[in-house]
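Each chain, written out:
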Amino acid sequence: SLAIAVHRFVSHKSVLIMKFAVATLLVASATAFTAPSFRQQTSSAFAPRVTGLQAAKQAPHGGGELVDLIVKDDSEKTSLIESVDMEMQANPRQLCDVELIMNGGFTPLTGFMDEKTYSSVVESMALEDGTVFGLPVVFDTDDEDLKPGMKVLLKDGDRAIAIVEFTDKYVPDKPLECLKCYGTSAIEHPGALMVATERGKYYMGGKVTGLNLPIRDFPCRTPSEVRSELPDDKDVVAFQCRNPVHRAHYELFTRALDDPRVGDGGIVLVHPTCGPTQADDIPGDVRYKTYEVLKEETANPRVRWEYLPYSMHMAGPREAIQHMIIRKNFGCTHFIIGRDMAGSKSSVTGEDFYGAYDAQDIANENTDKLGVKPVPTLNLVFTDEEGYVTADYAKEKDLHIQKLSGTKFRQMLRGGEDIPEWFAFKSVVKVLRDNM
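Residues numbered from 1 in each chain as written. Predicted model: local features only at pLDDT ≥ 70, side-chain atom pairs only at ≥ 80, totals over all residues. Heavy atoms only, no water.

1. As for the overall build of the protein
Put simply, the test is: Strands here mean DSSP runs of E at least two residues long; helices mean DSSP runs of H or I at least four residues long; both are numbered from the N terminus. Remark: exposure states derive from per-residue accessible area (1.4 Å probe, protein chains only) relative to the maximum for the residue type, with buried under 20%, exposed over 50%, and partly exposed in between. Contact criterion: two residues are considered in contact whenever any of their non-hydrogen atoms come within 4.5 Å of each other. Here the accessible surface of atoms and residues is derived via Shrake-Rupley with a 1.4 Å probe, and residues count as covered only by protein chains that are part of the display.
Of the regular secondary structure elements, the protein holds 15 helices and 14 strands. Within the protein, the fraction of its 436 residues that count as buried is 55%. Once local pairs closer than 6 in sequence are excluded, the contacts in the protein between residues at least 24 apart make up 75%. Here the protein displays about 18900 Å² of accessible surface, and carbon together with sulfur accounts for 49% of that area.

Written out as structure tokens, the structure is:
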């Protein structure tokens, strides 16, 4: 991968937290990830609520209408705020989750998952009615005073974001959640570490009423807004990323339009995540700047750029499913799946938690249920003779391949050395250097 690789730095404080987590979280690693079976159960309490706009050809996930829980009338918002029992500051991950519930990105959800829904997703990667869903969407807390039946106003600073009417409170089985969702419950996995040390003791289910979207460095438009500008007669291919886009990435997602799975005249929706990722990833505001200068530099009419308020779990195959569901709700018909998508390495051994094609395999197995077609990425290399070609073609023609590791790239970036234009766009390099 040409994404900037990083090693997770663990402070002395973090080590103490990890030691505590070991005592409370069973460390039972699993090396193989298998797609779970699906259960047909009674309909989930989180049924879709009808909204209007669906201009794009892709239907929302779950077979119903696109969810929109955002109250539009200011006087109604004021009345609702006056009815709450207490106020709480939402953390960055909660802000991402509540925004995607509010705006329909998590359709068919209309709230945080109750215990039955949570257990169903953990165990079977599906809601209670059998609708595929990759990862649990939960509200976590350590607050002993929060009770089912309470209405709580979630805030981001002084900004009122949403009201949650809690329906239940439960102690999750965190080791099982991690084992099923991340393929391991070892806290050397960043997602398992997050569940063990960042999330609260309790999870709570609850109905969400949206008031105002968070204000972000990235302008995150809603699924309805994005759909309104997508063609309703063309395929839309989503490309997920969480790091700056370099030359190889650009070649990958533009060449994806030539894939036989994609119809004539299709477009690419580049849809970077802007929520919490791994600790040492490029900061969100810097990533946003790199995307904006690249959008201006390339000015490709078949490439659209939008931004997603999503917090990464690094959950590999399960997260690939989650990304496909979200992009489906944004109007995409296809989704590009790269090698080891949303993968992560052990903070202890440095070994990959997932196989290179695990995400592609689970996507292919569930494509009919999802209604989204996975598009595998090409294994591209840069050659002196013919530029970017597939690795197999380069080998067959005995072409000279250029290589530049992520470590060497970062050294050259910090040292002010010229970065080869075959590797990175000049505009992106400038942004990175200006913000180091």
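2. Let's talk about the packing of helix α10 (residues 317-329) against helix α11 (residues 358-365)
Inclusion rule: Here, axes are lines fitted to C-alpha atoms. For helices the fit covers the stretch in contact, and angles between N-to-C directions go from 0 to 180 degrees. Working definition: roughly parallel below 35 degrees, roughly antiparallel above 145 degrees, roughly perpendicular at 65 to 115 degrees, and oblique for all remaining angles. Two helices cross in a left-handed way if the nearer one is turned anticlockwise from the farther one by less than a right angle. They cross in a right-handed way if the turn is clockwise. Note on residue classes: Ala, Val, Leu, Ile, Met, Phe, Trp, Tyr, Cys and Pro are nonpolar, Asp, Glu, Lys and Arg are charged, and everything else, Gly too, is polar.
Two elements in contact, α10 and α11, have axes separated by 8 Å at closest approach and are oriented at 50 degrees. One element, α10, and the other, α11, form an angle in the oblique class. For the pair α10 and α11, the crossing hand works out as right-handed. Two secondary-structure elements touch here, α10 through Pro 317, Ala 320, Ile 321 and Met 324 and α11 through Asp 358, Ala 359, Ile 362 and Ala 363. For the contact of α10 with α11, the class distribution of residues is seven nonpolar, no polar and one charged.

3. Topic: the packing of aromatic side chains
Quick note on the threshold: What counts as a ring pair is set by centres within 6.5 Å for rings of Phe, Tyr and Trp (its six-membered ring), and what kind of pair is set by the plane angle: stacked under 30 degrees, edge-to-face over 60, tilted for all other angles.
If you walk through the whole model with that rule in mind, you get 21 aromatic pairs. Judged by centre distance (6.0 Å) and plane angle (85 degrees), the rings of Tyr 170 and Tyr 203 are edge-to-face. Separated by 33 residues along the polypeptide, Tyr 170 in strand β5 (residues 159-170) and Tyr 203 in strand β6 (residues 202-210) bring together distant segments of the chain. Tyr 203 carries the same exposure label as Tyr 170, and that label is buried. An angle of 85 degrees between the planes, with centres 6.4 Å apart, marks the rings of Phe 253 and Trp 305 as edge-to-face.

4. Some points on the pairing of strand β13 (residues 387-390)
Applicable threshold: Think of it this way: DSSP has to see at least two bridges between two strands before they count as a pair.
Strand direction decides the pairing type here: strand β12 (residues 380-383) and β13, joined by four bridges, are antiparallel. In the strand pairing of β13, Thr 383 is matched with Gly 387.

5. Overview of the sheet that holds strand β10 (residues 334-337)
Judged by pairing direction, the sheet is parallel, and its five strands sit side by side in the order β9-β8-β7-β10-β11 without closing on themselves. Both outer strands of the open sheet, β9 (303-305) and β11 (373-376), are each paired with one neighbouring strand and no more. Strand-to-strand twist of the sheet, defined as the mean angle between neighbouring strand axes without regard to direction, takes the value 30 degrees. Bridge count for strand β8 (residues 267-270) against β9 is three bridges, and the pairing is parallel. Looking at β9, one finds that Val 270 is bridged to Trp 305.

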